[in-house]
Amino acid sequence: MIAARFGKKGHAPGRARARYGRGAAAVRWAAAALVAGATLPLAPGRLAGQVPYDRLVNAASEPAHWLTYSGTYFAERFSPLEQIDVGNVGELRVDWVYQTSPGLVETTPLVVDGVMYLTEPPSTVTALDPRTGRRIWRYVPSMPDGTLNIGFPRVNRGVAILDDMVYVGTLDARLIALDAESGVERWSTVVGDNAIGFSMTGAPLAIDGKVIVGVAGAEAGIRGYLDAYDAETGERLWRTFTVPAPGEPGSDTWGGDSWEHGGGSTWLTGSYDPELHLIYWGIGNPAPDWNGDVRPGDNLFTCALIAFDADTGEMRWWFQFTPHDVHDWDATEIPVLVDLDWEGSPRKLVVMANRNAFYYVLDRETGEFLHGQEYSKQTWAAGLDANGRPIVLPDTEPTAEGNLVWPSLQGATNWFSPSYHPGLETLFVPVRHMGAVYYKAEAEYEPGRPYMGGGEQALAGDDAWGYVKALDVRTGDLRWEFQLLTPPWNGLMATAGGLVFGGTNEGNFFALDAETGESLWDFNAGAPTRSNPMAFELDGRQRVVMSAGNAVFVFSLR
Amino acid sequence: MLTGGGGPGVRTGPVTGVAVLAIGALLTLPGSAPAQAPSEHDLTRGRMHYIASCARCHGVEGAGGEGPSLARSDLPRAPDDESLMRIMRGGISGTGMSGSWWLSPGELSQVALYVRSLAPSGPGDVEMVGDPARGLGLFESARCSRCHTIGGFGTSRGPDLTSVGLRRGTSHLREAVLDPAAALPRGQTAIAPEFSDYLMVRVVDSDGNEMTGMRMNEDTYTIQLKDGRGRLHSYYKPALVELEKQFDRSLMRSYRDTFTDEELDDLVAYLSTLRGSVRGIS
């Protein structure tokens, strides 16, 4: 089953594309759709989209392209391309470099039918010629000077594409649809009120006729939700709050009216199972972050993974990793969907290396906890009980004087992506080995102001470091680890060439042997790396894309 | 909550030029004595807002984290209060330093007071006991300038001491001379804030050659060491056979048995007078 998904098939679209001339749009769409084995979902009176839903569902079968934030709906961030492999990776050369606008670059570019789409700080969308890095168009949303970003930098992680539109969430919490060919704005809709801290930094998730987006802002005391919008019109289809109002299920896990500003943001892109028609989305921390006194209880559904019905937004199931979190350990990390034999029979799973330093395996149809264990140093729990609930150790809460706990508030991992190699059944996780002294302070809610109730002083410098860890996807057992000088901010991508690509804060791009962890290639890019690698193929050459500082680098063998 | 259509309400920055001037008057102006001692109330409020807006990156006591240490008297990006206010409000573009423009002018000035209070207290906090002139004599006879520069003169194997009297209190200076290995300074290496400076590192390459030098920079793959003659050596770490970081060692020996207590007072008094120009960005 796995072999079929990642076999050497699916190169046909690449060949067909080579013949595309200018203006042959209709032929092009038809060819692409035929190869993908899809029917053409023609909207009335419109040309069929460039990237119909079926192509997204089958993204793994066109490895020349990178169609969604995490590569596929299953969020493996795995490239089936194998031209660059353990034998020749040392020969990688830079094809071109694109310099972005100033700010932190956390984008994952998409590459579709000869165009690269990426975002630049703070919420700019750019289309590039992937052969040269020359710009085709750029869309800069106009935003008020005082746009709030409380609790995170002014970043954007990428776009989604569906049919002939490109979607971006903006720092001032709007969802904007652009014409993929020209960058012209088709519609713009307000997702949240930035004046009270709502913001958007994650790439949207585009599925069948819908665009799913989450919001950031727990550090400003928002009440989080996940939204679905009609991809054509921008009309809101559903909204599901992640913090229940009185009377709703889970509301008894919030004391008083703390739910009103309970946090539970949804700031990173989830994954999606087209067959089950379920969206898997990680939920952020409760607010205020480090002072839990005002919100006694488990604080559902913060720090949980929720399976949402894609049509209605209804919660099918939820699993809370960190009840009553007081360390800012959002559970927004990428949920990776894997199909495996589990104790003798095939099972649909979702796995997550959580910010709280534990690794989890859940049944993605039911949410049942199947397995969990620590994958990085932690000092707050004695372990997990039979239901996966942490056995919290006493005296691990933040205090006025400070309390040293592992991991730090940035967690054992964070928004940067893990990568799953299906052939090796290994999950590669960028790990932050760092403790912090946590402080608790008063927190008073005021609209549009930080609502955090404390802070941390992280152990830094020579007292903290990082790893790339290769985990057995079934157990979370360590297969190998590769140490990094400092706790990383860059994601990973495994490839069928047997490699794991990543980067360091000191500006090293690297490629490790996926089976042994041995470093086979490194390159000093000269500035911190803070995004996720991706890959595509053009002119018969596999390209690997990574960012450092304000530069997007494209590498290939030539 | 959703306003639909027109986008979220426009918020203008809270600080006007006039307000900045007014705040400046509350604060210590560069080069001048404090206009008035900060009130306990302002400091407490400043700490509260600092914890909410800055501690996440800079640490509650300013020791640093995602952002650099602020517990220093020389902040290269914020040498005076005006630049400190500007940085706090607008951030530093192109870096992880994001502006906290939601703080009101009054709150910003309170935070600024708290930030300045984090700096290690200068020599003024302890009554000067020694004789700086005699201290200068000791500095010369002990040939401290073999490793230290002052005002551009000397050899730069150890930290530049041109403004050490601004950056450090007397107790720190005394400790630095008595027990240099106890705590290596942090925050000036080319690696990142919070890394130990002047760390001695011993390496053995694949040919068996051994070398001990001072760490100048390091990343996951390489390390740069300076040898006793000031020459730079660069190593590819995966190719090394041994790499030992000697955290409990300093290039500077202890002068505990060299100086009498009185001489030590003189030396520290001299070091405290070193209040030369603020170091630029390294």
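Report on the accompanying structure. (Residues numbered from 1 in each chain as written. Chains lettered and ligands numbered in written order. Predicted model: local features only at pLDDT ≥ 70, side-chain atom pairs only at ≥ 80, totals over all residues. Heavy atoms only, no water.)

## Brief notes about the packing of aromatic side chains
All names here are of chain A.
- Taken as a whole and assessed by the stated rule, the structure comprises 36 aromatic pairs over all chains.
- Considering the side-chain rings of Trp521 and Phe523, the 6.4 Å spacing of their centres and the 15° angle between planes classify their relative orientation as stacked.
- Relative accessible area serves as the criterion here: at 6%, Trp521 is assigned to the buried category.
- A relative accessible area of 26% places Phe523 in the partly exposed class.
- Clustering of aromatic rings is evident, with ring pairs tying together Phe501, Phe509, Trp521, Phe523, Phe553 and Phe555. (Phe/Tyr/Trp six-rings, centres within 6.5 Å; stacked < 30°, edge-to-face > 60°. Buried < 20%, exposed > 50% of the residue type's maximum accessible area, 1.4 Å probe, protein only.)

## Concerning unusual backbone geometry
- That bond from Pro121 of chain A to Pro122 of chain A is cis: its omega, -5°, falls within 30 degrees of zero.
- Here Pro122 of chain A is to be found in the loop between strand S4 (115–120) and strand S5 (124–128).
- Pro407 of chain A follows Trp406 of chain A through a cis peptide bond whose omega is -5°.
- Structurally, Pro407 of chain A is set in the loop between strand S25 (403–405) and strand S26 (419–421).
- Unlike most non-glycine residues, Asp163 of chain A shows phi in positive territory, near 50°.
- Mapped onto the elements, Asp163 of chain A comes out in the loop between strand S7 (160–162) and strand S8 (165–169).
- We classify Asp163 of chain A as buried; its relative accessible area is 18%.
- With a phi close to 55°, Arg143 of chain B is a non-glycine residue in the positive phi region.
- Note on placement: Arg143 of chain B falls in the loop between helix H6 (132–141) and strand S1 (149–150). (Helix = DSSP H or I, 4+ residues; strand = E, 2+ residues; numbered from the N terminus.)

## What about the interface of chain B and chain A?
- With 44 residues of chain B in contact, the opposing surface of chain A contributes 58 residues.
- Both sides together, the interface formed by chain B and chain A hides about 4000 Å², and carbon and sulfur atoms give 58% of it.
- Where chain B meets chain A, there are two salt bridges.
- Two residues, Glu107 of chain B and Arg449 of chain A, come together in a salt bridge whose shortest N-O distance is 2.9 Å.
- The interface formed by chain B and chain A holds seven residue pairs in polar contact (both at pLDDT 80 or more) in total.
- Of all elements in the fold, only helix H2 (40–53), helix H3 (55–58) and strand S4 (210–218) of chain B reach the threshold of two or more residues within the side of chain B that touches chain A.
- Sort the elements by how many residues they give to the side of chain B that touches chain A and H2 of chain B lands first, with four residues.
- In terms of residue class, the side of chain B that touches chain A is built from 18 nonpolar, 14 polar and twelve charged. (Contact = heavy atoms within 4.5 Å. Buried area = accessible area lost by both parts, 1.4 Å probe. Salt bridge = Lys/Arg side-chain N within 4 Å of Asp/Glu carboxyl O. Polar contact = N/O pair within 3.5 Å; in protein donor to acceptor, adjacent residues only side chain to side chain. Nonpolar A, V, L, I, M, F, W, Y, C, P; charged D, E, K, R; others polar.)

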